[in-house]
Amino acid sequence: MITFSKDEEVSLLLEETLSDGTGTCEADVVLKCRKGKKTHSIAIEMKCYKRLASSGNPRGAQDIFHKDVYEDIATLERYIANHQCNETVFLAMTDFINIVSPKRKVGKLWNYDISDGYVLNGPACFTTPIGGKDVNIHIAHSYTFKWIPKGDYFFLEL
């Protein structure tokens, strides 16, 4: 983060409280910029799903990860709709190839498809229960999931 003149300011805020219109949420990162009296902010949500847990055992709950990606996208859209920021970015990383390039799409988790090349066409509502909990996710816009491989990991930016 750099500034070029004295009337510029940049702040990086972690776990910043924002209103999403239904209450308050903690945005993972908010980048706030000011040039004179003009301000601009970007809310960023991030997710990571590693194939192995810290115990060294295979990680479970892939369905929750998929659903959480959709929830973060919907939350970011609500931040914009409620004038909490000017832009949003969603970032994800994984080393689990089945998320990026599944051999088969079997099971309810694929109602929350995040595989490479998938196009989520909004507006859409997602209600498939995950983890025994009811779900009600509204996504207004369309997104194309394009995972980028780098070493043993895959990265996504929406």
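See the structure above.
Fair warning: this is a prediction, and the values are worked out from it, not measured in the lab. Residue numbering note: each chain is counted from 1, following its sequence as written. Only residues with pLDDT of 70 or above have their local features reported here, since the model is predicted, and side-chain atom pairs are shown and tallied only from 80 upward, although totals for entire chains, interfaces and linings are computed over all residues. Where side-chain values are given, they derive from all heavy atoms of the structure, hydrogens and water being excluded.

**What to know about the overall build of the chain**
1) Next: Helices and strands together make up the secondary structure of the chain, namely 2 helices and 10 strands.
2) Next: From first element to last, N terminus to C terminus, the chain shows the α and β order β-β-β-α-β-α-β-β-β-β-β-β.
3) Next: Taken along the three principal axes of its C-alpha coordinates, the chain extends 55 × 35 × 30 Å.
4) Next: Relative accessibility thresholds used throughout: buried, under 20% of the residue-type maximum; exposed, over 50%; partly exposed, between the two (1.4 Å probe, protein chains only). A burial count over the chain gives 37% of its 158 residues as buried.
5) Next: Contacts are residue-level and defined by heavy atoms, with any inter-residue pair within 4.5 Å sufficient. In the chain, of all internal contacts separated by at least 6 residues, the share reaching a separation of at least 24 is 52%.
6) Next: Split by element, the accessible area of the chain, about 9500 Å² in all, is 53% carbon and sulfur.
7) Next: The charge count includes Lys and Arg as positive and Asp and Glu as negative, but it does not include His or the ends of the chains. Where a charge lies is defined by one atom per residue type, namely NZ (Lys), CZ (Arg), CG (Asp) and CD (Glu). Treating the 19 positive side-chain charges of the chain as one cloud and the 21 negative ones as another, the clouds have centres 3 Å apart. Helix numbering and strand numbering both begin at the N terminus, where a helix is a DSSP run of H or I of at least 4 residues and a strand a DSSP run of E of at least 2. Per-residue and other accessible areas follow the Shrake-Rupley method at a 1.4 Å probe size, with only the shown protein chains counted as cover for residues.

**With respect to the environment of threonine 144**
1) Next: Considering the arrangement of structural elements, one finds threonine 144 in strand E8 (residues 143-144).
2) Next: Between the alpha carbons of threonine 144 and glycine 131 there is a distance of 25 Å; along the sequence they are 13 residues apart.
3) Next: For threonine 144, the contacting residues outside a window of four places in its chain are Tyr118, Val119 and Leu158.

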